[in-house]
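Take a look at the letters that make up each chain.
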Amino acid sequence: MKRGKFIVLEGGDGAGKGTLVNYLKKVLPPGKFIYTREPGGTPVGEKIRDLLLSEEMTPATELGLHFAYRFELFEKVILPAINSGVHVIDERHVASTYAYQIGGRERRDLLPLFRSNERACAKYATPDLYVYLDLDPREGERRLKAKGFALDRFELAGLAFHQRVRKAYHQYFRKQRHVVVDAAMGVEVLCKEMERIIRAETK
Ligand code: TMP
């Protein structure tokens, strides 16, 4: 049996991952794809998500927690799916940790801890493709405010933080198979473009 693909959607806050995933769920064949998210994706992972989004903690603790739920997610969701030929669409993965905890938090001293955990994850699987929704953080901030939801502590971290996150994403992707999509384009065009990329990758 052909192995399923592991595809990750990445982007800064407000880039529109949620809208795209809702669209993909409608147009792609349900039996052939599953959807998950980080932080989260399993019962334990969702508890860790709540903690990560609500509590202040040191960047090293943040980094450790982001990897902790990934091991759970690999064993319970990602590997069973791809090993049975089902494609996985994951909202965020290791690139987010590089972008937010190393880049956003300005903690290059945590790189050895990041790299050792990244290697541990790679023993399970590495993404076949990262799709990065690239957006000026000022526009991301405007979109989040327009939605009117309560913002989590990452969304509230400020413009300079989100500019560092964007820069770190671009750095990280130099060594990853990825496509960059301009998230400033209209939502309908963006949805179609995303569908085209995913269909081409999984045909
Ligand atoms: P979400 O809003 O896209 O679901 O993600 C929740 C927040 O968690 C988002 O602001 C980015 C942050 N995050 C990290 O800081 N590091 C990570 O490794 C991941 C996956 C998310």
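In what follows, the accompanying structure is described. (Residues numbered from 1 in each chain as written. Predicted model: local features only at pLDDT ≥ 70, side-chain atom pairs only at ≥ 80, totals over all residues. Heavy atoms only, no water.)

Turning to the nonpolar core, a few remarks are in order. Residues Phe6, Phe114, Tyr169 and Tyr172 are the most contacted members of the largest nonpolar core, which totals 33 residues. With nine residues, helix α3 (residues 59–83) is the single largest residue contributor to this core. Those residues within four positions of tyrosine 172 in sequence are excluded, and the remaining contacts are Val94, Ala95, Tyr98, Phe114, Arg115, Glu118 and Tyr130. Membership of the second largest hydrophobic core comes to 21 residues, among which are Ala15, Leu24, Ile89 and Leu190. (Core = buried A, V, L, I, M, F, W, Y, C linked by side-chain atoms within 4.5 Å. Buried < 20%, exposed > 50% of the residue type's maximum accessible area, 1.4 Å probe, protein only. Helix = DSSP H or I, 4+ residues; strand = E, 2+ residues; numbered from the N terminus. Contact = heavy atoms within 4.5 Å.)

The probe, sized like a water molecule, is rolled over the atoms to show the empty space still left. Taken as a whole, the largest pocket encloses approximately 850 Å³ of empty space. Every residue lining the largest pocket is counted, 39 residues in all, and those nearest its centre are Asp13, Gly14, Lys17, Arg92 and Glu155. Elements that contribute at least two residues to the lining of the largest pocket include exactly α1 (17–27), α2 (43–54), α3, α4 (94–104), α6 (137–147) and α8 (187–202). Top contributing element to the lining of the largest pocket by residue count: α1, with six residues. (1 Å grid on protein atoms, 1.4 Å probe; cavity = no way out; pocket = protein on both sides within 12 Å on 5 of 7 lines; lining within 4 Å. Points joined across faces, edges and corners; volume = space filled by probe spheres on them.)

What follows deals with empty space enclosed by the protein. As enumerated under the stated definition, the model contains one cavity of 30 Å³ or more in all. As a volume, the largest cavity reaches approximately 170 Å³. Lining the largest cavity are 17 residues, and of these Gly12, Asp13, Pro137, Gly140 and His162 sit closest to its centre. Of all the secondary structure elements, the ones that give two or more residues to the lining of the largest cavity are β4 (129–134), α6 and α7 (159–173). The element that contributes the greatest number of residues to the lining of the largest cavity is α7, accounting for five residues. Here the residues of the lining of the largest cavity are counted per class, giving nine nonpolar, three polar and five charged. (Nonpolar A, V, L, I, M, F, W, Y, C, P; charged D, E, K, R; others polar.)

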